[in-house]
Amino acid sequence: MLKKFLAIVVLSFLLGISNLACSGPHGSQVRITILQMNDVYEMDPVSGGKEGGLARVATLHDQLSKTNPNTIVVLAGDLFSPSALGTAPYESGRLDGKQMVAAMNALGLDYITFGNHEFDIKKRSFYDRLKESEFSWISSNVFDENGKPFPGVADTEMIEIDGIKVGIFSLTIKKNFTNYVSYEDPFEVAQKKVAELKPKMDILIALTHLTIEDDIKLANRFPEIDMIIGGHDHENMQYWRGKNYTPIFKADANARTVYIHNLVYDKGAQKKLLINSKLKQITDSLPDQAKTAKVVEKWRNIGYNSFRKAGFEPAKVVTSTNVELDGLEASVRNVPTKLTELIAQSMLSVSQGAQLSFYNSGSVRIDDVIPAGKITEYDVLRVLPFGGDIVTTKMKGSLLKRTLDQGMANKATGAYLQKGNVTGGDGKPWMVGGNILDEKATYSVATAKFLLTVGDDNLEFLVNNPDVPIIENKGDVRKALITQLEKTFGEGK
Ligand SMILES: [Zn+2]
């Protein structure tokens, strides 16, 4: 075990010349390059075109393959959903990640495991996406509703490269429960898979979609694993944990970065594995690969055209911000952020006379941070892919208090309420526009039509309630947010 750690230390020291040292005809050495992505929802570049973009990743893949034919591309989960483009109407349903599978087929993805967001889409779409995949799905702990493997999904993979056996098993976080999926405990499964694979494999890789806490636990409990290629956290990270200092790697979401892992396996008596990993930013310094760019363009046009039918111009620059807008689920379902405040404010802006606004945080689906800079209408569609109308209503202070209290109790779920012109809660009195909420007063409110017509968890008492009548419809919240962004940060730019 110490041997491997020392090897890694030595390698870090030799970083600059490691490629040189291994490129010659070393009969006893096998070089494997792994290109890692995780949590990729958008095929086009993000951050105003600055970062990400699968056609650029495809170029990098070509470059790596040229240097080392033993190059494999892996994705540590989350591909089908969520994205704005995925919500675009297509045939009798929605795109639902069809565009992502097409782009990954073109790019040459090899292996992928399930992320929790794969199960956001309807069963029919999910099975269609599996069928369209020209890459290999691996899952050791996620199965269909009967506990059977999904069609074409392997529970482990063995790749043989120049006589070296690389074993991969895959674990996914138990989340986003739906009626067509069942899970086994990731750690119980890991125990079985490590015992089964380790004796047969030269290199054992866990391709995971877990929290970093669970990945660290995995490294600590199963030092037999040689490396953990992970996802779910959306931010790049690298840890070395457990008694063998097993490395754990995650890249940034949406291919803003990828990891390039150079593995050198010495077939000699020592059987040493060296891992040299480099985080690589994906920017316009990488040209688009024509084949993938064509596929991306095809599906972008299909999606954009259906948005145009709904009155949006996806490519249009709305504004340029000087602050980042946090739309991460972990944030927006627990606390207000600049982004949720802008939405709440947009509802007030279009609803003259409204004293406050509230809406369900689950309507914010981007699950990402939009960095400071250009924002397009497509970004707005990414924030609020399901849209929905803003309505005005009047409600008694007592009912408003009940609603706000319940909204707070719904913390950590999509039924947590985001609010405009309201402070307090969590033991403190509710304040509306700086004044303590008066239970006997009547308030003019702007809210999401969804809450008064369809309803959200524990807030069903608002649905078709004559004490919360819909007075006026103020139109699509995405239009309101576009106007609000222009107002706050300046038009166009
Ligand atoms: Zn995830």
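Position numbers for residues count from 1 along each chain, tracking the sequence in the order it is written. Per-residue local features of the predicted model are confined to residues with pLDDT of at least 70, and side-chain atom pairs are confined, for both listing and counting, to 80 or more; whole-chain, interface and lining totals are unaffected and use all residues. As a convention, hydrogens and water are excluded, and side-chain values are obtained from all of the structure's heavy atoms.

Before going further, it helps to examine the overall build of the protein. Numbering of helices and strands runs from the N terminus; a helix is a DSSP stretch of H or I covering at least four residues, while a strand is a stretch of E covering at least two. Along the backbone of the protein there are 14 helices and 29 strands. The globule rule puts the C-alpha radius of gyration for 493 residues at 23 Å, and the 25 Å found for the protein is close to it. Along the first, second and third principal axes, the C-alpha atoms of the protein reach 80 × 45 × 45 Å. Classification of the 493 residues of the protein by burial places 57% in the buried group. In the protein, the proportion of contacts linking residues at least 24 apart, taken out of those at least 6 apart, comes to 72%. Radius of gyration: C-alpha atoms only; globule rule: 2.2 Å multiplied by the number of residues to the exponent 0.38. The buried label applies to any residue whose accessible area, calculated with a 1.4 Å probe on protein chains only, is under 20% of its type's maximum; exposed applies above 50%, and partly exposed to all values in between. Between two residues, a contact is recorded if the distance between any of their heavy atoms is within 4.5 Å.

By secondary structure assignment, the location of Gly-424 is in strand E25 (residues 422-425). For Gly-424 and Ile-436, which are 12 residues apart along the polypeptide, the C-alpha to C-alpha distance reads 9.1 Å.

Position of Val-332 among the secondary structure elements: in helix H9 (residues 329-332). For the pair Val-332 and Asp-120, spaced 212 residues apart in the sequence, the C-alpha separation amounts to 18 Å. Not counting the four nearest positions on each side in its chain, Val-332 is found in contact with Asp-326, Gly-327, Thr-337, Thr-340, Ser-361, Val-364, Tyr-416 and Gln-418.

Attention now moves to the domain arrangement of the protein. Each domain's extent was defined by an automatic or database domain assignment. Domain boundaries assigned for the protein yield domain 1 (2-296) and domain 2 (311-489). The C-alpha centroid of domain 2 is placed 37 Å from the C-alpha centroid of domain 1. On the domain 2 side, the residues contacting the 14 residues of domain 1 number 12 residues. Buried area is calculated as the accessible area (1.4 Å probe) missing from two parts once they are joined, with the contributions of both summed. Interface area for domain 1 against domain 2, summed over the two sides, is near 1,000 Å², with a carbon-plus-sulfur share of 48%. Between Lys or Arg on one side and Asp or Glu on the other, a salt bridge is scored when a side-chain nitrogen of the former is within 4 Å of a carboxyl oxygen of the latter. Of the charged contacts in the structure, one is a salt bridge between Glu-42 and Arg-382, with a shortest N-O distance of 3.2 Å. Counting of polar contacts relies on pairs of N or O atoms within 3.5 Å, with two restrictions inside protein: one atom must be capable of donating a hydrogen and the other of accepting it, and residues adjacent in sequence are counted only when both atoms are side-chain atoms. One can count 4 residue pairs in polar contact (both at pLDDT 80 or more) joining domain 1 with domain 2. Residue classes in the side of domain 1 that touches domain 2 are distributed as 4 nonpolar, 6 polar and 4 charged. Residue classes follow a fixed rule: Ala, Val, Leu, Ile, Met, Phe, Trp, Tyr, Cys and Pro count as nonpolar, while Asp, Glu, Lys and Arg count as charged, and any other residue, Gly among them, counts as polar.

Okay, the coordination of the zinc ion next. Around the zinc ion, the donor atoms from the protein are Asp-78 (OD), Asn-116 (OD1), His-209 (NE2) and His-232 (ND1), and they sit 2.0 to 2.8 Å away. The donor set comprises N, O and S atoms within 2.8 Å of the metal, extended to 3.2 Å for Na, K and Ca; water molecules are omitted, so apparent gaps in a site may simply reflect that omission. Geometry assignment treats four donors as tetrahedral when all angles are between 85 and 135 degrees, treats four as square planar and six as octahedral when opposite donors are over 155 degrees apart and all others between 65 and 115, and treats everything else as irregular. The coordination sphere of the zinc ion comprises 4 donor atoms, whose angles at the metal cover 84 to 160°; the geometry is irregular. If you list the donors of the zinc ion from N- to C-terminus, the spacing comes out as D-x37-N-x92-H-x22-H. Taken together, the positions of Asn-116 in the loop between strand E5 (111-113) and helix H5 (123-132) and His-209 in strand E12 (residues 203-209) put the pair 93 residues apart, joining distant regions of the chain. Both residues of the pair, Asn-116 and His-209, count as buried.

For the rest of this paragraph, the subject is the packing of aromatic side chains. Aromatic ring pairs are defined here through the distance separating the ring centres and the angle between the ring planes. Pairing of aromatic side chains here covers Phe, Tyr and the six-membered ring of Trp, requires ring centres within 6.5 Å, and sorts the geometry by plane angle: under 30 degrees stacked, over 60 edge-to-face, intermediate tilted. Considering all chains together, one arrives at 19 aromatic pairs under this definition. Where Phe-80 meets Phe-126, the ring centres are 6.0 Å apart and the plane angle is 75°; that geometry is what we call edge-to-face. Here Phe-80, found in the loop between strand E2 (71-75) and strand E3 (89-90), pairs with Phe-126, found in helix H5; they are 46 residues apart in sequence, far enough to count as distant. Residue class for Phe-80 comes out buried when judged on its relative accessible area of 1%. Plain terms: the ring middles of Phe-177 and Tyr-183 are 5.3 Å apart, the flat faces sit at 75° to each other, and that makes the pair edge-to-face. Taken together, the ring pairs connect Phe-80, Phe-114, Phe-119, Phe-126, Tyr-127, Phe-135, Trp-137, Phe-150, Phe-177, Tyr-180 and Tyr-183 into an aromatic cluster. Only when the NZ atom of a Lys or the CZ atom of an Arg is both within 6 Å of the ring centre and within 35 degrees of the ring normal do we say a charge sits over the ring. Above the face of the Phe-461 ring, Arg-402 is positioned so that its terminal group lies 3.7 Å from the ring centre. Lying over the aromatic face of Phe-312, Lys-479 brings its terminal NZ or CZ to 4.4 Å of the ring centre.

Further remarks concern the sheet that holds strand E1 (residues 29-37). The 7 strands lie next to each other as E8-E6-E5-E2-E1-E16-E17, forming an open sheet whose pairing is mixed. Of all strands in the sheet, those bounded by a partner on one side alone are strand E8 (153-154) and strand E17 (273-281). Whether two strands pair comes down to DSSP finding at least two bridges between them. Taken together, the 3 bridges between E5 and strand E6 (residues 136-138) define a ladder with parallel strand orientation. Residue pairing for E6: Ile-112 is matched across the bridge by Trp-137.

The pairing of strand E16 (residues 257-266) with E17 spans 9 bridges and is antiparallel. Bridge pairing in E17 places Val-258 opposite Lys-280. A loop of 6 residues connects E16 with E17, the two strands running antiparallel in sequence, and Lys-271 in this loop sits at a positive phi of about 50°.

Among all positions in helix H7 (residues 212-221), only Ile-212, Asp-215, Ile-216, Leu-218 and Ala-219 are buried. Across the axial projection of H7, the buried residues extend over an arc of 155°, all falling on one side. Buried-residue contacts for H7 involve strand E10 (164-172), helix H6 (186-197), E12, strand E13 (227-229), strand E14 (237-241) and strand E15 (246-250). Relevant arc is that of directions from the helix axis to the C-beta atoms, nothing else.

This part covers H5. Within H5, burial applies to Ser-125, Phe-126, Asp-128, Arg-129 and Leu-130. At its buried positions, H5 is contacted by helix H4 (98-107), E6 and E8.

Put simply, Ser-81 and Pro-82 share a cis peptide bond, and its omega is -5°. Counting through the fold element by element, Pro-82 comes out in the loop between E2 and E3. Located in the positive-phi region is Ala-255, a residue other than glycine, with phi close to 55°. The topology assignment puts Ala-255 in the loop between E15 and E16.

Okay, empty space enclosed by the protein next. Only protein atoms enter the 1 Å grid used here, on which a cavity is any set of points holding a 1.4 Å probe that cannot leave and a pocket is any open set flanked by protein within 12 Å on both sides along at least five of seven lines; residues with an atom within 4 Å of a point are listed as lining. Grid points are joined across faces, edges and corners, and a volume is the space filled by probe spheres set on the points. Here the structure, examined in full by the defined rule, presents 2 cavities of 30 Å³ or more. By volume, the largest cavity amounts to about 60 Å³. Forming the walls of the largest cavity are Tyr-41, Glu-42, Pro-82, Ser-83, Ala-84, Asn-254, Arg-365, Ile-366, Asp-368, Arg-382 and Pro-385. Tallied by class, residues from the lining of the largest cavity come to 5 nonpolar, 2 polar and 4 charged. When residues of the lining of the largest cavity are assigned to domains, at least three map to each of domain 1 (2-296) and domain 2 (311-489).

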